[in-house]
Amino acid sequence: MATFSGCAYSIEVYEDELYGRVARITVNLPAKEALELWLKLVDYFPYDKYKIVLLVKWLGENNVSESELIDYLVKIMIKSKVRPRALPGFDATRIVQELRE
């Protein structure tokens, strides 16, 4: 891992079956700081311009609640204009029905 402004990080770029080119940035930060960083990075590397999906993985403590995490992820998806995707044949309705049974 390299360091930048006191934060250790690494970057891996790979091709994903659903999303195409993905840049996964792993940071040695707590969840909240990593999610804030992710929101800022989306401004600097917009998907519309670079066609690279950004993904931030944190190694520090998980200091956000489940609802806070969902809020951050929704903000990131809206801001980045990258929507959830699923492989062909994925049936969310069927899966929810099975879980309810």
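Residues numbered from 1 in each chain as written. Predicted model: local features only at pLDDT ≥ 70, side-chain atom pairs only at ≥ 80, totals over all residues. Heavy atoms only, no water.

A. Structural context of the pairing of strand S3 (residues 20-27). Pairing between strand S2 (residues 7-16) and S3: eight bridges, direction antiparallel. Looking at the pairing, Glu-15 lines up with Arg-21 of S3. Where S2 folds back on S3, the antiparallel hairpin that results is connected by three residues. In terms of strand pairing, S3 meets strand S4 (residues 53-58) through six bridges, oriented parallel. (Pairing = 2+ DSSP bridges. Helix = DSSP H or I, 4+ residues; strand = E, 2+ residues; numbered from the N terminus.)

B. Geometry of the pattern of salt bridges. Per the stated rule, a full pass over the model turns up five salt bridges. The partner of Arg-94 in a salt bridge is Glu-98, with the nearest N and O atoms 2.7 Å apart. Placement of both Arg-94 and Glu-98 in helix H4 (residues 92-100) is noted, with a separation of four residues, approximately one turn of the helix. The exposure class of Glu-98 is partly exposed, given its relative accessible area of 44%. (Salt bridge = Lys/Arg side-chain N within 4 Å of Asp/Glu carboxyl O. Buried < 20%, exposed > 50% of the residue type's maximum accessible area, 1.4 Å probe, protein only.)

C. Structural detail: the environment of Leu-87. With respect to the helices and strands, Leu-87 occurs in the loop between helix H3 (66-80) and H4. Each C-alpha atom, one on Leu-87 and one on Glu-68, is 27 Å from the other, the two residues being 19 residues apart in sequence. Other than its neighbours up to four places away in sequence, Leu-87 contacts Glu-17 and Leu-18. (Contact = heavy atoms within 4.5 Å.)

D. Broad picture of unusual backbone geometry. Positive phi, close to 55 degrees, is recorded for Lys-51, a residue that is not glycine. Residue classification places Lys-51 among the partly exposed positions, given a relative accessible area of 47%. Despite not being glycine, Lys-81 shows a phi value in the positive range, around 65 degrees.

E. Spotlight on the nonpolar core. In this structure, Val-27, Leu-35, Trp-38, Leu-54, Val-56 and Ile-76 are the most contacted members of the largest nonpolar core, which totals 17 residues. When residues of this core are traced back to their parent elements, those giving at least two are S3, helix H1 (31-44), S4 and H3. Looking at this core element by element, the count peaks at seven residues for H1. In contact with Val-27, other than residues within four places in its own chain, are Cys-7, Ala-8, Tyr-9, Ala-34, Leu-37, Val-56, Lys-57, Trp-58 and Leu-59. (Core = buried A, V, L, I, M, F, W, Y, C linked by side-chain atoms within 4.5 Å.)

F. Representation of the environment of Val-96. Assignment of secondary structure puts Val-96 in helix H4. For Val-96, a relative accessible area of 39% translates into the label partly exposed. Taking the C-alpha atoms as reference points, Val-96 and Leu-55, separated by 41 residues in sequence, lie 27 Å from one another.

That is the geometry; function is a separate question.
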